[in-house]
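Architecture and fold: a report
Each chain is listed here by its residues.
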Amino acid sequence: MDNIIQNIQGIPLNHYLIFCSIIFSIGVIGVLIRRNVIIIMMSIELMLNSVNLLLAAFSAYRGDASGQVFVFFIMALAAAEVAVGLAIVIMVYRNTKSVDIESLSKLRW
């Protein structure tokens with residue numbers, strides 16, 4: 001375990017910040033531009049994973065486990081989001097035969 005922490009601390013914290021910012025930005029762009037519900041959910045997962053990586057890096061640099069506890073809760077939240085989101089996507093596909101986000105407006109009263 002100490003070897004892993006030394007490897008993480010060997011990379012400057014600025015590199016983690018830049019890398020996670022780029023990944024988060026790609027996720028935001030994916031949510032804003034794409035219309036496919038599955039790709040939007042993948043982009044949300046990408047944003048959550050970038051936050052997880054950054055929290056784990058901060059936790060390793062500070063030497064405490066509080067960041068890793070937050071990572072665990074975010075992973076549990078992401079798993080619940082995927083389960084509910086995929087159920088919604090399946091129901092939308094059964095009703096409209098499409099996973100396009102524009103088809104959701106047809107579900108109004």
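What counts as what
Residues numbered from 1 in each chain as written. Predicted model: local features only at pLDDT ≥ 70, side-chain atom pairs only at ≥ 80, totals over all residues. Heavy atoms only, no water. UniProt positions renumbered as here; feature names shortened; annotations may be inferred. Helix = DSSP H or I, 4+ residues; strand = E, 2+ residues; numbered from the N terminus. Areas by Shrake-Rupley, 256 points an atom, 1.4 Å probe, with all protein chains shown as cover. Buried < 20%, exposed > 50% of the residue type's maximum accessible area, 1.4 Å probe, protein only. Axes fitted to C-alpha atoms, helices over the stretch in contact; angles between N-to-C directions. Parallel < 35°, antiparallel > 145°, perpendicular 65-115°, else oblique. Nonpolar A, V, L, I, M, F, W, Y, C, P; charged D, E, K, R; others polar. Left-handed = near helix turned anticlockwise from the far one by under 90°. Contact = heavy atoms within 4.5 Å.

- If you check an unreviewed UniProt entry, the protein chain appears there as NADH-quinone oxidoreductase subunit K from Sphingobacterium tabacisoli.
- Turning to the protein chain, the UniProt annotation filed under Subunit (unreviewed entry) states: "NDH-1 is composed of 14 different subunits. Subunits NuoA, H, J, K, L, M, N constitute the membrane sector of the complex."

Examining the overall build of the protein chain
- Scanning the protein chain from terminus to terminus reveals four helices and zero strands.
- Helices and strands appear in the protein chain in the N-to-C order α-α-α-α.
- For the protein chain, the exposed area adds up to about 7,800 Å²; of that, 70% sits on carbon and sulfur atoms.

What about the environment of Ser50?
- Its place among the elements puts Ser50 in helix H3 (residues 37-62).
- Residue Ser50 is classed as buried on the basis of its relative accessible area of 3%.
- Distance in space between the C-alpha atoms of Ser50 and Ile23 is 6.0 Å, their sequence separation being 27 residues.

Brief notes about the UniProt feature "transmembrane region" (unreviewed entry) in the protein chain
- In the numbering adopted here, UniProt assigns the feature "transmembrane region" (unreviewed entry) to residues 16-34, 46-63 and 69-93.
- Annotation note: span residues 46-63, helix share 94%, strand share 0%, distance between end C-alpha atoms 26 Å.

Here's the deal with the packing of H3 against helix H4 (residues 66-96)
- One can describe the packing of H3 onto H4 by two numbers: an axis separation of 9 Å at closest approach and a directional angle of 175°. The angle between H3 and H4 places the two elements in the roughly antiparallel class.
- Residue composition of the contact of H3 with H4, by class: 16 nonpolar, six polar and two charged.

Thoughts on the packing of helix H2 (residues 13-33) against H3
- Running from N to C, H2 and H3 cross one another at 165°; their axes reach a closest spacing of 7 Å. The orientation of H2 relative to H3 falls into the category roughly antiparallel. Of the two possible hands of crossing, H2 and H3 adopt the one that is left-handed. Facing Leu13, Tyr16, Leu17, Phe19, Cys20, Ile23, Phe24, Ile26, Gly27, Val28, Gly30 and Val31 of H2, the residues of H3 in contact are Ile40, Ser43, Ile44, Leu46, Met47, Ser50, Val51, Leu53, Leu54, Ala57, Phe58 and Tyr61.
- Partitioning the contact of H2 with H3 into residue classes produces 20 nonpolar, four polar and no charged.

Let's talk about the side chain of Asn52
- Along the polypeptide, Asn52 turns up in helix H3.
- With residues up to four places along the chain from it excluded, the contact list for Asn52 reads Val71, Ile74 and Met75.

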